[in-house]
Amino acid sequence: MAFATITDLENVVGREIDENDAAALFALDSATAMVRAVIGQYVEEVEDDVIVLDGSGTRVLMLPETPVSDVSLVEIDGEELDADEYQWSADGYVRKLNGTWSTDLRSVEITYTHGYATIPPLIVSITAKLAGRMLDVPAAVRQETIGAYSVSYNPATLQADELVLLDSYKRA
């Protein structure tokens, strides 16, 4: 699902867009994919996601997706840990309280919930702006000149300031 809606896109481009407009829907999906790739996170909430991790041999493992809102199951080599045998944080750290994690590959299975139930407004805004640029800039045209009149188009890419703003959503 796209991070921004047709309504968000309408607010950016300043005109009405049909909710079934294929180009607009494609632009929203493409912008979402680009933002997701920059952040390196799925972003949307995923409940009870099951992942298998390599043991770290340390007391702490890092979950790949954040923010974490629940860790419901932790198993080492198929044996379930009691909830009082580990701690977890919203930042994606899972600490084993007694001893260390295994050093074996693919030995830790964790079931957890991560992501945002509501996409943060900053991500929605950047996605809608990027989709608006994709929709309004002809493909592969950066500049047009007719006689003495010349116009340069804002490329349909993430801008430097948007990249900086998205940094706060990247995995530490």
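Preceding this section is the structure that the text describes.
Residues numbered from 1 in each chain as written. Predicted model: local features only at pLDDT ≥ 70, side-chain atom pairs only at ≥ 80, totals over all residues. Heavy atoms only, no water.

**Notes on the pattern of salt bridges**
So, point 1. Inspection of every chain in the model, using the stated rule, returns four salt bridges.
So, point 2. When the shortest N-O distance is used, the salt bridge between R15 and D136 registers 3.2 Å. Here R15 is found in the loop between α1 (6-13) and α2 (22-39), whereas its partner D136 is found in helix α3 (residues 121-136), with 121 residues between them in sequence.
So, point 3. The class of D136 is partly exposed, set by a relative accessible area of 39%.
So, point 4. E44 is the partner of R36 in a salt bridge, and the nearest nitrogen-oxygen pair spans 3.0 Å. (Salt bridge = Lys/Arg side-chain N within 4 Å of Asp/Glu carboxyl O. Helix = DSSP H or I, 4+ residues; strand = E, 2+ residues; numbered from the N terminus. Buried < 20%, exposed > 50% of the residue type's maximum accessible area, 1.4 Å probe, protein only.)

**Observations regarding the packing of aromatic side chains**
So, point 1. One pass over the full model with this rule turns up one aromatic pair.
So, point 2. A centroid spacing of 6.1 Å and a plane angle of 75 degrees characterise the contact between Y116 and Y169, whose relative ring orientation is edge-to-face. Here Y116 is found in the loop between β7 (108-114) and α3, whereas its partner Y169 is found in the segment after α4 (160-166), with 53 residues between them in sequence.
So, point 3. In this structure, R36 is placed above the aromatic ring of Y42, and the distance from its NZ or CZ to the ring centre is 4.2 Å. (Phe/Tyr/Trp six-rings, centres within 6.5 Å; stacked < 30°, edge-to-face > 60°. Lys NZ or Arg CZ within 6 Å of the ring centre and 35° of its normal.)

**What to know about the sheet that holds strand β2 (residues 60-62)**
So, point 1. Strand order in the open sheet made by the three strands is β2-β6-β5, with antiparallel pairing throughout. The open sheet is flanked by β2 and β5 (86-88), the only strands paired with a single partner. On average, each strand axis in the sheet is tilted by 20 degrees relative to the strand beside it, whichever way the strands run.
So, point 2. Of the strand pairs in this sheet, β5 and strand β6 (residues 93-96) are connected by three bridges, and their pairing is antiparallel. When the sheet's bridge partners are listed, Q87 is paired in β6 with R95. (Pairing = 2+ DSSP bridges. Axes fitted to C-alpha atoms, helices over the stretch in contact; angles between N-to-C directions.)

**A closer look at the nonpolar core**
So, point 1. Core analysis: the largest hydrophobic core is formed by 24 residues, its most contacted members being L9, L28, V35, I39, I123 and L166.
So, point 2. Put simply, the parts of the chain that give this core at least two residues each are α1, α2 and α3.
So, point 3. Membership of the second largest hydrophobic core comes to 15 residues, among which are L53, V71, L81 and V108. (Core = buried A, V, L, I, M, F, W, Y, C linked by side-chain atoms within 4.5 Å.)

**What about the environment of I126?**
So, point 1. Mapped onto the secondary structure, I126 falls in helix α3.
So, point 2. On the basis of relative accessible area, I126 is assigned to the buried category, the value being 3%.
So, point 3. Separated by 114 residues in the primary sequence, I126 and V12 have C-alpha atoms spaced 10.0 Å apart.
So, point 4. Discounting chain neighbours no more than four positions away, the residues touching I126 are V35, L158, E162, L165 and L166. (Contact = heavy atoms within 4.5 Å.)

**A look at α3**
So, point 1. For α3, built from 16 residues, the straight-helix expectation of 22 Å at 1.5 Å per residue is met to within 8% by its first-to-last C-alpha distance of 22 Å.
So, point 2. When we look at burial in α3, the residues that qualify are I123, V124, I126, T127, A128, L130, A131, G132 and R133. (Expected span 1.5 Å × (residues − 1).)

Shape descriptors only; they carry no functional weight alone.
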